[in-house]
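Observations on the model geometry
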Amino acid sequence: MTYRFRTRLLALILCIASAAGITQAAAENNLPVDNKSFGPKVGYVTRNRSVTAGLAFQYRLSKVVRIAPEIGVIFRHRNLDGLTVDVNVHFPIPFAGERAAFYPLVGANFTSWGQHNIHPESHDDVTSHSNTFGLNAGAGLEYYCTQSLKVSVEGRYTLMRHYPTAYFTAGIAFIF
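Attention in this report is confined to the structure presented alongside it. Computed from a prediction, not measured in an experiment: that's the story for all the values here.

For the structure on display, the rule yields 2 aromatic pairs. Just above the ring of Tyr 167 sits the side chain of Arg 156; from NZ or CZ to the centre is 4.4 Å.

Before going further, it helps to spend a moment on the pattern of salt bridges. In total, this model carries 8 salt bridges according to the counting rule given. Its salt-bridge partner being Arg 156, residue Glu 70 comes within 3.6 Å of it at the nearest N-O pair. Residue Glu 70 is found in strand E3 (residues 66–77), and its partner Arg 156 is found in strand E8 (residues 149–159); the two are separated by 86 residues along the sequence. For the pair formed by Glu 70 and Arg 156, the shared burial category is buried. The partner of Arg 76 in a salt bridge is Asp 81, and the shortest N-O contact between them spans 3.9 Å. Sharing partners across several salt bridges, the network here consists of Lys 41, Glu 70, Asp 86, Glu 154 and Arg 156.

Below, the discussion takes up the pairing of strand E2 (residues 50–60). Relative to E2, strand E1 (residues 36–45) runs antiparallel, the two being bridged by 10 bridges. Looking at E2, one finds that Val 45 is bridged to Ser 50. The turn linking E1 back onto E2 is made up of 4 residues, and Arg 49 within it adopts a positive phi angle of 50 degrees. Taken together, the 7 bridges between E2 and E3 define a ladder with antiparallel strand orientation. Bridge pairing in E3 places Thr 52 opposite Ile 74. Joining the antiparallel neighbours E2 and E3 is a turn of 5 residues.

Parameters at a glance
Residues numbered from 1 in each chain as written. Predicted model: local features only at pLDDT ≥ 70, side-chain atom pairs only at ≥ 80, totals over all residues. Heavy atoms only, no water. Phe/Tyr/Trp six-rings, centres within 6.5 Å; stacked < 30°, edge-to-face > 60°. Lys NZ or Arg CZ within 6 Å of the ring centre and 35° of its normal. Salt bridge = Lys/Arg side-chain N within 4 Å of Asp/Glu carboxyl O. Helix = DSSP H or I, 4+ residues; strand = E, 2+ residues; numbered from the N terminus. Buried < 20%, exposed > 50% of the residue type's maximum accessible area, 1.4 Å probe, protein only. Pairing = 2+ DSSP bridges.

So far we have only geometry, and geometry alone does not tell us how the molecule works.
This is the structure in structure tokens:
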């Protein structure tokens with residue numbers, strides 16, 4: 001393990017510990033009851049300066065902990081595209097009369113990156129894939145428009161060995 005990787009891993013562990021402390025303080029909130037939500041997300045990826053789109057599902061385990069699996073596609077730009085699968089944990093903290101919430105997040109990521117090139121002699125498409133695992137850390141804001149609809153914005157950084165990436169997304173989710 002390199003020094004740089006150990007430093008980033010320590011920073012992520014500290015973020016998780018501070019998020020646990022924040023959720024302890026928010027344990028007595030009364031966010032709208034939304035056991036499950038599902039909806040699309042779109043955004044921007046810094047690795048290849050491209051658009052990402054996907055689907056997110058959220059399931060509230062308690063008032064202060066929510067699990068949020070996601071699947072997404074990173075569209076091709078600069079001969080690089082990808083498929084992502086994330087499992088994040090959110091720690092919602094309500095504000096604005098409980099119509100909105102801020103949430104720190106941590107989680108795990110799997111990304112399959114596709115590098116597209118043209119063979120110089122045969123002019124064939126030569127594609128190689130790199131499958132990587134990473135760790136997510138970030139935060140988001142969500143606003144409850146109605147009891148069955150919410151919108152959100154989110155920023156997160158995925159720490160991985162070869163393709164560290166930042167994601168900025170906006171989404172809409174239907175609460176059921």
